[in-house]
Amino acid sequence: MRFRVILLVVATSSLVLVSFLVPLALVLRSFAANEAVSKATTQAQQLTPLVATLPTDTLKLTVDQLNAENGGSPITVFLPDGQWLGQQAPRTATVDKAAAGHSFTTVGPAGTEVLAAVQGMPRGPAVIRIFVPNSVLHQGVARAWLLLVGLGLGLLAVSVVVADQLARSLVRPIVNLAQASDLLATGDLTARATVAGPPEVRRAGGGLNRLAARIGDLLAHERETVADLSHRLRTPLTALRIDAESLRNFEEMTQLTADVDAVERTVNEIIRAARRPTGAGSRCDASMVINERAAFWQPLAEDQERPMMVEVAAGPVLVSVSSEDLAACTDILLENVFSHTAEGAAFTVRLSRRAGGGAWLVVADDGPGFPDADPTERGRSSGGSTGLGLDIARRIAEASGGSVTIGRSTSGGGAVTVGLGPPARPPDGRRHRRGRRPQIGGDQGEWAEDGTPWSLLGSSRANR
């Protein structure tokens, strides 16, 4: 924008300068020519009485003296008897016309002739011819034009400086406004624009600041509302704990109390997550989290006689997700498998490194697969659930800079691929060798050389 403002001012200034300086240059040229012709005419008028009264010898000395003084404009006097005095010049038709008693000025390609007829001589009129060449007509014009060009360039330079300062005063607040917008778009709700510049830009900056403050207030209110709702669960959980502790069967009491403790930990984590600012540079070792969650779900897989295969790259595999969010995402995917496939259906959990950093997490099963509707659409479900699971997984992946892809496994079942982005600032640049966990059960499937899982190919289907 700054360059465009300067270019606009330069173009406008150039048009003004050209429309002013070109006519002025032509006027100066015409003025110089008229001045030279007027000077020659005056000399001819002053010489006229001398030609009519002085003797020839004296007149010759006078004309020679004038030629010596004139320099560039030679004077020639044609006498009635055919003689000429002064600078030698041919007797042209214009001279003969002046000898008839006419005084005039003619313009030729080489210059201008000033012809004056001298009346009252015994043998007829004499003719005074003063030739003004083009060099005399245009004397000083080139210098004047150079001065005009210099003046025009100086004015143009001044206009560029003024335009640059004007453009800076316009562009700086706009650039600041754009930077604040970019920071807000990345999730930094503390970013504010400097309210400066023209009234329109100040108004836009003030509006952006108010919008950012309003968004921050709404998010804070939403986090507190979620935390309050989660906190309300403590009362029924306390009642449930009392009921569990009142059981006479010690094993049942221990098991139920442990389940209540797990629910309380989940509620506490929800409260902490709701009050935790978004982003905040989260990171974790995905290999540790996936191994832990796979070990958690393995007993249930054994109870349902499901072949379960876990392949995890040798850690650490750093991703830009908190361990709690990654564990929640993994639990969602595995819970979908247990809820929407028949008992005995095999499934696979794979974690590999992405070529550009981060990780691929793939959960594939041998079930019926997904219907044709978009399974990541919030609230959509074909299995009687809330329809929020895959949407939560998608938001966790996108918050890390990744994505979720729904596809079909090699056996024709469903496959969910979660791309997890790398941490913003890795603690070191070490590279780790990729490894695999021993097979617990099921088919290993295919992997690309760059670590991209086969399940990236496929069509999307319904939320489970």
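Residues numbered from 1 in each chain as written. Predicted model: local features only at pLDDT ≥ 70, side-chain atom pairs only at ≥ 80, totals over all residues. Heavy atoms only, no water.

A short note on helix H1 (residues 2-53)
As a reminder of what qualifies: In this description a helix means any DSSP run of H or I spanning at least four residues, a strand means any run of E spanning at least two, and both kinds are numbered starting from the N terminus. Helices are assigned an expected span. That span is 1.5 Å times one less than the residue count. Fitting axes to the seven residues that end at a residue and to the seven that start at it, the angle between those axes gives the bend at that residue.
In this model, H1 (52 residues) spans 77 Å end to end at C-alpha, consistent with the 76 Å of a helix rising 1.5 Å per residue. Remark: the principal bend of H1, roughly 30°, maps to Leu47, with a proline, Pro49, within the next four residues.

Quick word on the side chain of Ser159
Rule in force here: Think of it in three bands: residues with accessible area under 20% of the maximum for their type are buried, residues over 50% are exposed, and the middle band is partly exposed, with areas taken using a 1.4 Å probe on protein chains only. Contact between two residues is taken to exist if any of their heavy atoms lie within 4.5 Å; hydrogens are not considered.
Here Ser159 is to be found in helix H5 (residues 141-185). Under the relative-accessibility criterion, Ser159 is labelled buried at 11%. In contact with Ser159, not counting residues within four places along its chain, are Val9 and Ser13.

Structural notes on the pairing of strand E5 (residues 126-133)
Where we set the bar: When DSSP finds two or more bridges between two strands, those strands count as paired.
Counting buried positions along E5 yields 8 of 8 residues, so the element is predominantly enclosed. Inspection of the sheet shows strand E1 (residues 75-78) paired to E5 by 4 bridges, in the antiparallel sense. Along E5, the bridge assignment pairs Ile75 with Ile130. As paired elements, strand E4 (residues 111-118) and E5 share 8 bridges and run antiparallel to each other. Across the sheet, Gly111 pairs through a bridge with Pro133, a residue of E5.

Some thoughts on the nonpolar core
Spelled out, the test is: Side-chain atoms within 4.5 Å are what join buried Ala, Val, Leu, Ile, Met, Phe, Trp, Tyr and Cys residues into a set we call a nonpolar core.
Judged by nonpolar contacts, the single largest core of 37 residues is most densely connected at Val319, Leu326, Leu333, Phe347, Leu361, Val416 and Val418. Elements that contribute at least two residues to this core include exactly helix H9 (286-303), strand E7 (308-312), helix H10 (323-340), strand E9 (347-353), strand E10 (359-365), helix H11 (389-399), strand E11 (403-408) and strand E12 (414-420). The dominant element in this core, judged by the number of residues it contributes, is H10, at 7 residues. Setting aside chain neighbours within four positions, we find Phe347 in contact with Ala301, Arg306, Pro307, Met308, Met309, Leu334, Val337, Phe338, Ala364 and Asp365.

Topic: the packing of aromatic side chains
What counts here: Stacked, tilted and edge-to-face are the three classes assigned to paired rings of Phe, Tyr and Trp, where Trp is represented by its six-membered ring and a pair needs centres within 6.5 Å; plane angles under 30 degrees give stacked, over 60 edge-to-face, the rest tilted.
Within this structure, the stated rule accounts for 3 aromatic pairs. Judged by centre distance (5.8 Å) and plane angle (85°), the rings of Phe296 and Trp297 are edge-to-face. Classification of Phe296 as exposed rests on a relative accessible area of 52%. Judged by centre distance (5.2 Å) and plane angle (20°), the rings of Trp297 and Phe338 are stacked. Here Phe338 lies in helix H10 and Trp297 lies in helix H9, a separation of 41 residues in the sequence. We note that Trp297, like Phe338, is buried. Through a chain of ring-to-ring contacts, three or more aromatic side chains come together here, namely Phe296, Trp297, Phe338 and Phe347.

Considerations on the confidence of the model for the protein chain
For any part of a model where pLDDT is low, the fine detail of the predicted coordinates should not be relied upon. Threshold: pLDDT is defined as a per-residue confidence score from the predictor, taking values between 0 and 100.
Mean pLDDT over the protein chain works out to 79, with 84% of the residues at or above the 70 mark. In this model residues 426-464 is a low-confidence stretch, pLDDT under 50, and it forms 125 contacts with partners more than four residues away in sequence or in other chains.

Details of the packing of H1 against H5
Quick note on the threshold: Comment: axis = line fitted to C-alpha atoms, over the contacting stretch for helices; angle = value between 0 and 180 degrees taken between N-to-C directions. Each angle receives one of four descriptions, namely roughly parallel if under 35 degrees, roughly antiparallel if over 145, roughly perpendicular if within 65 to 115, and oblique otherwise. Crossing handedness follows the turn of the near helix against the far one: under a right angle anticlockwise gives a left-handed crossing, and clockwise gives a right-handed one. Side-chain classes are defined by residue name, with Ala, Val, Leu, Ile, Met, Phe, Trp, Tyr, Cys and Pro counting as nonpolar, Asp, Glu, Lys and Arg as charged, and the others, Gly among them, as polar.
H5 packs onto H1 with a crossing angle of 160° between their chain directions and a minimal axis gap of 9 Å. Considering the angle they form, H1 stands roughly antiparallel to H5. Crossing angle aside, the handedness with which H1 passes H5 is right-handed. The residue makeup of the contact of H1 with H5, split by class, is 20 nonpolar, 4 polar and 4 charged.

Structural notes on the packing of H9 against H10
One can describe the packing of H9 onto H10 by two numbers: an axis separation of 10 Å at closest approach and a directional angle of 30°. Classified by chirality, the crossing of H10 by H9 is right-handed. Mapping the contact onto sequence places Ala286, Val289, Ile290, Arg293, Trp297, Leu300 and Ala301 in H9 and Ser323, Leu326, Ala327, Thr330, Asp331, Leu334, Glu335 and Phe338 in H10. For the contact of H9 with H10, a count of residues per class yields 10 nonpolar, 2 polar and 3 charged.

Some remarks on the pairing of E4
In terms of burial, E4 is a largely internal element, 8 of the 8 residues being buried. Inspection of the sheet shows strand E3 (residues 104-107) paired to E4 by 4 bridges, in the antiparallel sense. Bridge pairing links Thr105 to Val114 in E4. Where E3 folds back on E4, the antiparallel hairpin that results is connected by 3 residues.

Describing the pattern of salt bridges
Once the charged atoms of two side chains with opposite charge are near each other, the side chains can pair. Here is the rule we go by: Every case where a carboxyl oxygen of Asp or Glu lies within 4 Å of a side-chain nitrogen of Lys or Arg is listed as a salt bridge.
Overall, the coordinates contain 9 salt bridges when judged by the stated rule. When the shortest N-O distance is used, the salt bridge between Arg91 and Asp96 registers 2.9 Å. By relative accessible area, which is 43% here, Arg91 ends up partly exposed. Among the ionic pairs, Arg394 bridges to Glu398, the shortest N-O distance being 3.0 Å. Note that Arg394 and Glu398 are positioned in helix H11 at a spacing of 4 residues, about one turn of the helix. On the basis of relative accessibility, which here comes to 22%, the residue Arg394 falls in the partly exposed class. Looking at Glu398, the relative accessible area reads 43%, which means it is partly exposed. Among the ionic contacts, a cluster of salt bridges with common partners joins Asp391, Arg394, Arg395 and Glu398.

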